[in-house]
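Fold and geometry: a report
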Amino acid sequence: MGALEDNRVEAYWLSYLQVLPPDSPVRDEQYVDEGWGDSPEMTDELGALISAGTKTATCSALWEYEAEGERLPEAGLKTIVLDGNGDPLCIVETTNVEVRPYEEVDARFAYEEGEGDRSLEYWREAHWRFFSRMLPNIGMEPTPDMPLVCERFRVVYR
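Just so you know, these numbers come straight off a predicted model, no measurement behind them. (Residues numbered from 1 in each chain as written. Predicted model: local features only at pLDDT ≥ 70, side-chain atom pairs only at ≥ 80, totals over all residues. Heavy atoms only, no water.)

Quick look at the overall build of the protein chain
Spelled out, the test is: Helix numbers and strand numbers start at the N terminus; a helix is a DSSP run of H or I with at least 4 residues, a strand a run of E with at least 2. Throughout, the radius of gyration refers to the C-alpha atoms, and the reference size of a globule is 2.2 Å times the residue count to the power 0.38. Between buried and exposed lies partly exposed: a residue is buried under 20% and exposed over 50% of the maximum accessible area for its type, with that area taken using a 1.4 Å probe on protein chains only. Reported accessibility uses the Shrake-Rupley method at a 1.4 Å probe radius. Residues are deemed covered only where the shown protein chains occlude them.
Looking only at helices and strands, one finds five helices and five strands in the protein chain. Listing the helices and strands of the protein chain from first to last along the sequence gives α-β-α-β-α-β-β-α-α-β. At 16 Å, the protein chain has a C-alpha radius of gyration in line with the 15 Å of a compact globule built from 158 residues. Seen along its three principal axes, the alpha-carbon backbone of the protein chain occupies a region of about 45 × 30 × 25 Å. Relative to its full complement of 158 residues, the protein chain shows a buried share of 40%. As displayed, the protein chain has an accessible area near 8400 Å², and 49% of this comes from carbon and sulfur atoms.

Overview of the packing of aromatic side chains
Two aromatic rings, taken as a pair, are described by how far apart their centres are and by the angle between their planes. In plain terms, the rule: Between rings of Phe, Tyr and Trp, where Trp is taken as its six-membered ring, a pair exists when centres lie within 6.5 Å; planes separated by under 30 degrees are stacked, by over 60 edge-to-face, and by other angles tilted.
In total, this model carries eight aromatic pairs according to the counting rule given. With centroids separated by 5.3 Å and ring planes inclined at 50 degrees, the aromatic side chains of Tyr 16 and Tyr 157 adopt a geometry described as tilted. Placement of the pair is Tyr 16 in helix H1 (residues 3-18) and Tyr 157 in strand S5 (residues 147-157), with a sequence separation of 141 residues. Of the two residues examined, Tyr 16 and Tyr 157, each falls in the buried class. An aromatic cluster of at least three residues, connected via ring pairs, comprises Tyr 12, Trp 13, Tyr 16, Tyr 31 and Tyr 157.

Focus: the environment of Thr 95
Among the structural elements, Thr 95 can be located in strand S4 (residues 88-101). A C-alpha to C-alpha distance of 24 Å links Thr 95 and Phe 130, two positions 35 residues apart in sequence.

Concerning the pairing of S4
Short version of the rule: At least two bridges found by DSSP between two strands is the condition for calling them paired.
As paired strands, strand S3 (residues 78-82) and S4 are joined by five bridges and run antiparallel to one another. Paired with Ile 80 across the two strands is Ile 91, which belongs to S4. A loop of five residues connects S3 with S4, the two strands running antiparallel in sequence, and Gly 86 in this loop sits at a positive phi of about 85 degrees.

Coordinates in, geometry out; function isn't part of it.
In structure tokens, the structure reads:
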């Protein structure tokens with residue numbers, strides 16, 4: 001991430017803190033910033049769905065977290081959602097995280113992901129394609145029982 005992007009993200013976080021009470025515990029919290037998707041176009045599309053409140057859930061392959069040595073998100077995590085250019089769109093707070101196999105993702109979660117026609121069928125097809133593109137980068141292939149980190153969130157600042 002370049003210095004210009006760092007400044008935009010930090011300024012956005014500070015603008016969020018300004019709307020909070022002076023004694024808000026959020027002032028002591030850390031945040032992450034990221035764009036979701038594997039292309040600037042997908043990042044723009046998903047960011048718009050998140051900012052509009054349509055997309056209130058997301059998932060990632062547990063194997064990617066393990067390969068990168070990253071900690072799983074936890075309830076309370078604040079994420080500055082970026083668009084395809086690295087500009088902040090909104091801030092979300094993680095409300096729930098659970099690991100479940102791909103084949104056990106249900107229609108409710110698919111709907112909350114907010115993509116396409118919001119059906120489980122669409123979700124399965126789109127996510128299978130996505131994981132088929134992403135997992136080979138870490139030497140893996142998608143399987144029906146692959147563990148997914150299923151995260152729910154809410155927009156706290158826009």
